[in-house]
Amino acid sequence: MKNKIIASLKERISRQNWENWFLDFNIRELKDNHVVFEVGNFFIKERLEKKFNKIISKVVKDILGKDATYEITFKEIPYETKVESGPLIKKRPLLITPLNPKYTFENLVVGEFNKFAYNVFLEASKNPGFYNPIFLYSGVGLGKTHLAQALGNYLLETDPDMKVAYLTSEEFMNEMFSAIKNGNIDEFREKYRKKADILIIDDIQFLIGIKSAQTELFHTFNTIHEAGKQIIICSDRTPQELKDFHSRMISRFQMGLLVKIEKPSSEDLFKIGKKISEMKNVEIDDEIIKYISKIYDNPRLIHGAILRLIAYRNLYGTLNLSIAESILTNVSKPPKSFEEKLLEILSEIFDCSPDDITSSKRTKNISYARKIGMYFAVKKLNLSTRDVGTIFKKSHSSVVQNVKQVEKLLKEGNVILKNYLKQIDKMSKGFAQGESM
Ligand SMILES: Nc1ncnc2c1ncn2[C@@H]1O[C@H](COP(=O)(O)OP(=O)(O)OP(=O)(O)O)[C@@H](O)[C@H]1O
């Protein structure tokens, strides 16, 4: 009977799906008219339940009768709690830590709004693990990533052998899923549980609703915490507001120090605007920065506004307060951001949507649009590869790689590519001469 159920499932599921999801799928128990399937891990169990419930249920009922039911269990992998050090680990490459070198304590404006957070992180930089975990939360764009990476940069500067693991919870999840798919979950676990000296997880709220990644993170958290190593969690809400997280996870977050960044005043925002332009090595008149700090109440928006102004000045060689005003505000129409415009131009030329370009789709025209757009933003608009990564929602290294590829093609004399770049240049000027840029 067991074989019949498996064979019937195999018949109804495409080969590709079978290979992706059903390779270690088997029947652990078949009692009366209830089947207990077993799979390799929690992630696969969740996927099967979501994606294949109808088919599995139908097969079970067809073979065992209409009242038949099923459940899927997974093999629990024993979690190690001992943190090893020693030759085996030393032989492996160090963790890659894609920290933004500009995110330092020196580049952080400190005011009433973030003084407490700043002092806690400064203390953590001298005495990692003293407050553990540190749960840093605030509204969007108020400097959590900057502060958390400043700690990472400081630790690396004082001890270059330090293994700082900084990643967003989304990156953690994606890496975990691909490790599961490629059969190297043990390596993934070793990387984060054993090799990291400090673990910084940004944007934890992304894991809401993703139980399998929460579970993995929970065990990672425990191992690192038990070893007395520093853990930093950044979030756009308090632990209690992380609805749907396992309660055991929420209580782990609460057992450390909760740190909040408040809203900066407009004087703070002015200083932040100055600091951001300093970090980008550009000079922008104080009156323009003052104007920006009046219309935006958040450093992330100030950062975006400065980016737009720099792009404008790089294209047209000029910038003053009235241009800045017309670029950043428009009475009749809400201004489109520079990023939106660039994506719009690309989508028009390459016949796709702006969302396609920032998605992970790899269709030929979309990849081409992305690649050329990145090159244009870096080379023609002089935006940093990190900022371009933000616009295209791609990692810094993927921007660098794409820009290199386009460079190579241009060197080889690719005329089509040259024409596309000309076209983007032309259209972006057209946009800029319109109501806003
Ligand atoms: N106090 C500050 N001093 C200098 N720059 C700041 C400060 N706060 C924020 N910024 C700058 O503002 C931008 C947004 O900050 P950051 O990305 O750290 O915010 P966040 O709170 O992590 O945002 P999110 O909630 O989207 O994750 C960055 O360019 C950062 O350098």
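Note: the structure precedes this text.
Residue positions are given per chain, counted from 1 along the sequence in the order it is written. Only residues with pLDDT of at least 70 get local features here, since the model is predicted, and only at 80 or more are side-chain atom pairs given and counted; chain-wide, interface and lining totals rely on the full set of residues. Each side-chain value is derived from all of the structure's non-hydrogen atoms; neither hydrogens nor water enter the calculation.

(A) Structural view of helix α20 (residues 396–411). In this description a helix means any DSSP run of H or I spanning at least four residues, a strand means any run of E spanning at least two, and both kinds are numbered starting from the N terminus. One less than the residue count of a helix, multiplied by 1.5 Å, gives the span that helix is expected to have. End to end, α20 covers 23 Å across 16 residues, agreeing with the expected 22 Å (1.5 Å per residue, within 8%). Among the residues trailing α20, G413 stands out with phi positive, at a value near 85 degrees.

(B) Seen up close, the site of the ligand. Looking at the ligand, there are 20 residues lining it, with V109, K144, T145, H146 and R300 nearest. Counting of polar contacts relies on pairs of N or O atoms within 3.5 Å, with two restrictions inside protein: one atom must be capable of donating a hydrogen and the other of accepting it, and residues adjacent in sequence are counted only when both atoms are side-chain atoms. Here K144 contributes a side-chain N or O atom positioned 2.8 Å from an oxygen atom of the ligand. Surface accessibility follows the Shrake-Rupley procedure with a 1.4 Å probe radius. Residue values consider only the protein chains on display as shielding. Coverage of the ligand by the protein amounts to 95% of the 630 Å² it exposes when considered alone. For the shell around the ligand, the secondary structure elements donating two or more residues are α7 (144–158), α12 (266–279) and α14 (299–316). Amino acid classes used here: Ala, Val, Leu, Ile, Met, Phe, Trp, Tyr, Cys and Pro are nonpolar; Asp, Glu, Lys and Arg are charged; the rest, including Gly, are polar. Residue composition of the shell around the ligand, grouped by class: ten nonpolar, seven polar and three charged. Annotation comment: domain bounds sourced from an automatic or database domain assignment. In this structure, the shell around the ligand is formed jointly by two domains, domain 2 (87–260) and domain 3 (266–328), each of which donates at least three residues. To be near a molecule or strand, a residue needs just one of its heavy atoms within 4 Å of it.

(C) The packing of α14 against helix α15 (residues 321–328), seen in detail. Only C-alpha atoms enter the line fits that serve as axes; for helices the fit covers just the stretch in contact. Angles between N-to-C directions range over 0 to 180 degrees. Viewed as axis vectors pointing N to C, α14 and α15 meet at an angle of 120 degrees, and their least axial separation amounts to 11 Å. For the element pair α14 / α15, the angle class is oblique. Judged by the twist between their axes, the crossing of α14 over α15 is right-handed. On α15, the residues touching A305, R308, L309 and Y312 of α14 are I323, A324, I327 and L328. Taken together, the residues of the contact of α14 with α15 break down into seven nonpolar, no polar and one charged. Working rule for angles: under 35 degrees goes down as roughly parallel, over 145 as roughly antiparallel, 65 to 115 as roughly perpendicular, anything else as oblique. By convention the crossing between two helices is left-handed if the near helix lies anticlockwise of the far one by an angle smaller than a right angle, and right-handed if it lies clockwise. Pairs of residues are marked as contacts when any of their non-hydrogen atoms sit within 4.5 Å.

(D) Expanded view of the side chain of S359. Within the secondary structure layout, S359 lies in the loop between α17 (354–358) and α18 (364–380). Of note is the side chain of S359, whose polar atom sits 3.0 Å from the backbone nitrogen of K361. Setting aside its immediate chain neighbours within four residues, S359 contacts R370 and K394.

(E) Molecular detail of the sheet that holds strand β4 (residues 134–137). When DSSP finds two or more bridges between two strands, those strands count as paired. A sheet is described by the order of its strands in space; here five strands give the open sequence β5-β6-β7-β4-β8, paired in parallel fashion. Edge positions in the open sheet fall to β5 (164–168) and β8 (257–260), since each of these has one partner strand only. Across the sheet, the mean angle separating the axes of adjacent strands is 15 degrees when strand polarity is ignored. Along the sheet, helix α6 (residues 115–126) contacts β4, β7 (230–235) and β8; its crossing angle with β8, the most-contacted strand, is approximately 135 degrees.

(F) Layout of a negative patch on the surface. Exposure above 30% relative accessible area and no salt bridge define the residues that can form patches, which grow by joining like charges within 9 Å and nonpolar side chains of Val, Leu, Ile, Met, Phe, Trp and Tyr within 5 Å. When a carboxyl oxygen of Asp or Glu is within 4 Å of a side-chain nitrogen of Lys or Arg, the pair counts as a salt bridge. Positive charges come from Lys and Arg alone, negative charges from Asp and Glu alone, with His and the N- and C-terminal ends not counted. Each charge is placed at NZ for Lys, CZ for Arg, CG for Asp and CD for Glu. Together, E283, D285, E287 and E325 give the surface a local cluster of negative charge. Along the chain, the position of E283 falls in the loop between α12 and α13 (286–295). What makes E283 exposed here is its relative accessible area of 72%. Only protein chains enter the calculation, and the probe is 1.4 Å; a residue is then buried if its accessible area is under 20% of its type maximum, exposed if over 50%, and partly exposed in between.

(G) Region of interest: the environment of A150. Along the chain, the position of A150 falls in helix α7. Excluding residues within four positions of it along the chain, A150 makes contact with Y103, T104 and F105.

(H) Structural view of the packing of α18 against helix α19 (residues 385–392). Contact pair α18 / α19: the axes reach a minimum separation of 10 Å and the direction vectors enclose 140 degrees. Put simply, α18 runs oblique to α19. Note that α18 runs across α19; the crossing there is right-handed. Residues R370, G373, M374, A377 and V378 of α18 form the contact with α19, whose own contacting residues are T385, V388 and F392.

(I) Broad picture of the sheet that holds strand β1 (residues 26–31). If you trace the three strands from one edge of the open sheet to the other, you get β1-β2-β3, paired in mixed fashion. With partners counted over all chains shown, the strands left at the sheet margins are β1 and β3 (69–74), one partner each. Between one strand and the next, the sheet's axes are offset by a mean angle of 20 degrees, whatever the strand orientation. Pairing between β1 and strand β2 (residues 34–39): five bridges, direction antiparallel. By the bridge assignment, I27 is partnered in β2 with F37. Helix-sheet contacts for helix α1 (residues 2–12) involve β1 and β2, and the interaxial angle to β1 is about 130 degrees. Most of the contacts of helix α4 (residues 53–64) go to β3, to which it runs at about 125 degrees, and overall it touches β1, β2 and β3.

(J) Layout of the pairing of β5. Here β5 lies mainly inside the structure; five of its five residues are buried. Bridge count for β5 against strand β6 (residues 198–202) is five bridges, and the pairing is parallel. Within β6, the residue paired with V164 across the bridge is I198.

(K) Representation of the packing of aromatic side chains within the structure. Think of it this way: a Phe, Tyr or Trp ring, Trp meaning its six-membered ring, pairs with another when their centres are within 6.5 Å, and the plane angle makes it stacked under 30 degrees, edge-to-face over 60, tilted otherwise. Applying the stated criterion across every chain yields a total of 15 aromatic pairs. Seen from their ring centres, F350 and Y368 are 6.0 Å apart, and the 80 degrees between their planes marks the pair as edge-to-face. Placement of F350 in helix α16 (residues 338–350) and of Y368 in helix α18 is noted, with a sequence separation of 18 residues between them. Between R248 and the ring centre of F218, over which it is positioned, the NZ or CZ distance is 4.2 Å. Counted as over-ring charges are cases with an Arg CZ or a Lys NZ within 6 Å of the ring centre that also lie within 35 degrees of the ring normal. Cation over ring: K290 sits above F270, and NZ or CZ is 5.9 Å from the ring centre.

(L) Representation of the pattern of salt bridges. Per the stated rule, a full pass over the model turns up 19 salt bridges. With a closest N to O distance of 3.1 Å, K263 and D297 form a salt bridge. Remark: D297 occurs in the loop between α13 and α14 and K263 occurs in the loop between β8 and α12; sequence separation between them is 34 residues. A relative accessible area of 42% means that D297 is categorised as partly exposed. A salt bridge links K408 to E412, with the shortest nitrogen-to-oxygen separation between them at 3.4 Å. Of the two residues examined, K408 and E412, each falls in the exposed class. A network of salt bridges, in which partner residues are shared, links R12, K58 and D62.

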